[in-house]
Amino acid sequence: MRIALFITCFNDTLFPETGKSVVRLLRRLGHEVAFPYAQTCCGRMHFDAGHRREALPLARAFASTFAPYDVVVTPSASCAAMARNRHPLLARDADDKRADVHRARADAVAPRVFEFGEFLVDVLGVEDVGAFFPHTVAYQPTCHSARVLGVGDRPLRLLRKVRGLRLAELPHADECCGFGGTFALDNAETSTAMGADKAAAVTASGAQVLCAADNSCLAHIGGLLSRQGSRVRTMHLADILAATAPFPGLTAYPSDDLARASLDPVHPAPAHPRAGAAG
Amino acid sequence: MTTARREPAFLGMPPFPKAAHDALADTAMGDNLREETRAFRSRRAEVVDELPPFVWEKLRLAGAAIKDGVLAQLPRHLDALEASVTAAGGTVHWARDADEANAVIVGIAREHAAAQVVTTASTTTREIGLTEALAKAGIRAWETDPAQSATQSGRQPRAHTVVPAVRRHRTGPRGRLARKTAAAGASDTRPVRPTGTEKATRRDLRDVIAHVKVAVARADFAIAETGTVCAAESAAGGRLCSALPDALVTVLGIEQVIPTWRDAEVFLQLLPRSTGERMAAYTSMWTGVTSGDGPRSFHLVLLDNGRSDVLADPVGRQALRCIGCSACLPVCPVYERVGGQPYGSAHTGPIGAILTPQLRGLNRHSVDPQTASLPYASTLCGACVDVCPVRIDIPGVLTHQRAQLTDLGRGPARRGEKAAMKAAGWGFAEPWRLGLAQHAAALGRRVVGRSGRIGRVPRLLAGPLGAWTADRDAPAPPPESFRAWFKRTNGGLDEGASGDQSESPREES
């Protein structure tokens, strides 16, 4: 199985750590991922904002870049949904001389695109990825992961197997956080009103970390939390699943204080042997 | 159709973001909205989830298929409807636009020398501005639902289709609604006494209904095979005014026709459950006229008002499947925050965002800035798709309309966005260009924020970054992009001992 990583332009530029987590975790599970450098952007932003003319060449480039691979894995539910559901649509609507080639290619590549959590559970068939993350985590089912891709409880199944992790229940989790791509700028006030409610729900959940399958939504919620001076951090699902125990056999930190300290960049956790951090 | 007046824009209505700004400032309305939308959502979920597995899904599929079938052969079904209404002693009036529909109704009122009429308001009569048109002709319209009558004055669009008085506070008509809600088993049990306004409205209404000559009664659909008109309602006002007056008028959009009685079975299940009830309290049906019983004349006004243009658009036409249940409103997170006013139309919420621009001609020509702002009033979260009883893909239509506004240039020029999208398109066309941009962003990091986040940036100076950072911090670009890291370290394999194989959740550098 030839696995290609589609990092997405947003993660590539702003959240490279998430990409590193994907690479490391898959390596830990015995899979090497290829990173085709020709990749750029799936065109979601262009498509959603109505700029289909700009989205079409990006969809075409995506299809030709990833055509040689068996599976495309991406740490973004939103971009996975774009490639899987909207690229074939764009291909169907085009009518220039490259249209036929692209149509066939888009139809072939689209069903091979998987969001990261889906890929782990459905393609690799794993739920316990050997992760260690001794913190209280709330999971936000982002709209594109829950409604468009229908990932269901896959991310929760993965998180439940993480050692030391406590899942906090997020009130009104199924409500949109208000990011919505250009909506966050076009309708900034409504967007932040929605985000403020989400941030309040996160705070009420008692979570130390908010987790989701989309860094875009997390940047929105996290931006609000950070502005409010909250210490709740936002982390991509892949970043949590890639985290491992500082030494083998450790299943939980002895105290919450230590757990919190390990999350605190200003007061890092006490030094410990870096054993067991395989690959 | 070129001279036809379209769904009227509410004059002076600002584009959605500005109107939403005003709505968000009304915190009392915000509290009411939140309470009502949450109550509606849980009641709807309760009566839908209690059905045996797959029954609801089958009903939705059937509903969508029936409406698609109707739309595919609309002229045939409308001809059949006209023939059977006429055969049953009724009269069909075809109205190309709001003015024609209003003229028909004013004409009927004048024929009966009626200075007042009773109405049960519908989205369709609000769409044509019937109350105002009647007032202009010197005819007083009495609304049977106190909550409707409390909000029908002026040309303000309503905040809520099912709970029109959601903006009014507890002591107003909303109190009555709260009691209804309580009776229906919702959590709101605070007792509210009927107010003076309410008592007066009720007393006046009974008097009016008993003596008035003309009634305009809302309906949900008409059945083509027999010419029967059907209304599923939670209040008795509609039944009263369809039984007592001499002349009965119903205004339906041309899409509100279904072929047979068997089809009604599907919609009489979909409609009430979508509004959180197991069945409608009052399901009324009337067919033409019957000598010696009920109204002596029945008029069915079939309204186009832009619907033919909606039908002509292969993507947008699914909006005409809508059966007017309003289930998409309370589940919409945007609607929950700002209510119905900012949509500036009789059609509000997600369905309004896709229907109004089409009724105003987006499928054929340029539209005004207010209309053009509606397709952008959504995060595309898809909550509406999940509840729609006829499975309208609202986000799909919204992005289609955004493409009409930008690619086809039918909206105001969004120059900044266009330039940004073009620039991004250029940057993404070649990987090296993206790499270059990432280098520039990493350099920018030295200026804006070493803390890993960017705080408030003056809005006028920094365009989108300013809009983003008014209330949110933005993530600062990292010193190295993912592709640069992958290239430098061979995907982490050459990272070596000095590498950052961290077990800490996410490095902050």
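For the structure itself, consult the block above.
Now for a quick tour of the structure. (Residues numbered from 1 in each chain as written. Chains lettered and ligands numbered in written order. Predicted model: local features only at pLDDT ≥ 70, side-chain atom pairs only at ≥ 80, totals over all residues.)

## Concerning the overall build of chain A
Right, so step 1: For chain A, the count of helices and strands is 14 helices and eight strands.
Right, so step 2: Relative to its 279 residues, chain A shows a buried fraction of 61%.
Right, so step 3: Put simply, of all contacts in chain A between residues at least 6 apart along the chain, 79% involve residues at least 24 apart. (Helix = DSSP H or I, 4+ residues; strand = E, 2+ residues; numbered from the N terminus. Buried ≥ 20, exposed ≤ 12 C-beta atoms within 10 Å, placed from the backbone. Contact = placed C-beta atoms within 7 Å.)

## Let's talk about helix α12 (residues 261-274) of chain B
Residues and elements named next belong to chain B.
Right, so step 1: Its 14 residues place the ends of α12 20 Å apart at the C-alpha level, agreeing with the 20 Å of an ideal helix rising 1.5 Å per residue.
Right, so step 2: Every buried residue of α12 is accounted for by Asp263, Ala264, Val266, Phe267, Leu270, Leu271, Pro272, Arg273 and Ser274.
Right, so step 3: Here the buried face of α12 lies against α2 (27-49), α3 (55-72), β5 (221-223), β6 (228-233) and β8 (257-258). (Expected span 1.5 Å × (residues − 1).)

## Here we look at the packing of α3 of chain B against α12 of chain B
Residues and elements named next belong to chain B.
Right, so step 1: Interhelical geometry of α3 versus α12 gives an angle of 125 degrees and a closest axis separation of 10 Å. Between α3 and α12, the crossing angle belongs to the class labelled oblique. The chirality of how α3 crosses α12 is left-handed. Packed against α3, whose contacting residues are Leu59, Ala62, Gly63 and Ile66, the element α12 presents Asp263, Val266, Phe267, Gln269 and Leu270 at the interface. (Axes fitted to C-alpha atoms, helices over the stretch in contact; angles between N-to-C directions. Parallel < 35°, antiparallel > 145°, perpendicular 65-115°, else oblique. Left-handed = near helix turned anticlockwise from the far one by under 90°.)

## Here we look at the pairing of strand β8 (residues 233-236) of chain A
All names here are of chain A.
Right, so step 1: Side chains Arg233 and Met235 of β8 all project onto a buried face; the interleaved residues Thr234 and His236 project onto the opposite face, where all are buried too.
Right, so step 2: Pairing geometry for strand β7 (residues 209-212) and β8, over four bridges, is parallel. In the strand pairing of β8, cysteine 211 is matched with methionine 235. (Pairing = 2+ DSSP bridges.)

## Points about the environment of arginine 140 of chain B
All names here are of chain B.
Right, so step 1: Tracing the chain through its elements places arginine 140 in strand β3 (residues 140-143).
Right, so step 2: Judged by the 14 C-beta atoms lying within 10 Å of it, arginine 140 is partly exposed.
Right, so step 3: It is 64 Å that separates the C-alpha atoms of arginine 140 and glycine 452, two residues lying 312 residues apart in sequence.
Right, so step 4: The residues contacting arginine 140, other than those within four sequence positions of it, are Ala115 and Gln116.

## Quick word on helix α11 (residues 188-205) of chain A
All names here are of chain A.
Right, so step 1: Here α11 is 18 residues long and its end C-alpha atoms lie 25 Å apart, about the 26 Å a rise of 1.5 Å per residue gives.
Right, so step 2: When you tally the buried positions in α11, you get 14 out of 18 residues, the bulk of the element.
Right, so step 3: At the C-terminal side of α11, glycine 206 shows a positive phi close to 75 degrees.

## Digging into the environment of leucine 120 of chain A
Residues and elements named next belong to chain A.
Right, so step 1: Mapped onto the secondary structure, leucine 120 falls in helix α7 (residues 116-123).
Right, so step 2: Owing to 25 C-beta atoms within 10 Å, leucine 120 belongs among the buried residues under this scheme.
Right, so step 3: For the pair leucine 120 and glutamate 32, spaced 88 residues apart in the sequence, the C-alpha separation amounts to 14 Å.
Right, so step 4: Contacts of leucine 120, omitting those with residues within four sequence positions, involve Val126, Val129 and Leu158.

## Thoughts on the interface of chain A and chain B
Right, so step 1: Residue-level contacts link 66 residues of chain A with 61 residues of chain B.
Right, so step 2: Split into classes, the residues belonging to the side of chain A that touches chain B amount to 34 nonpolar, 18 polar and 14 charged. (Nonpolar A, V, L, I, M, F, W, Y, C, P; charged D, E, K, R; others polar.)

## Here's the deal with the sheet that holds strand β3 (residues 71-74) of chain A
Residues and elements named next belong to chain A.
Right, so step 1: Ordered by their spatial adjacency, four strands build an open sheet running β2-β1-β3-β4, and the pairing between neighbours is parallel. Each edge of the open sheet carries a strand with a single partner, namely β2 (33-34) and β4 (113-115).
Right, so step 2: Two strands pair when backbone bridges link them, and β3 and β4 are joined in this way by three bridges, in the parallel orientation. The residue of β4 that forms the bridge with valine 72 is valine 113.

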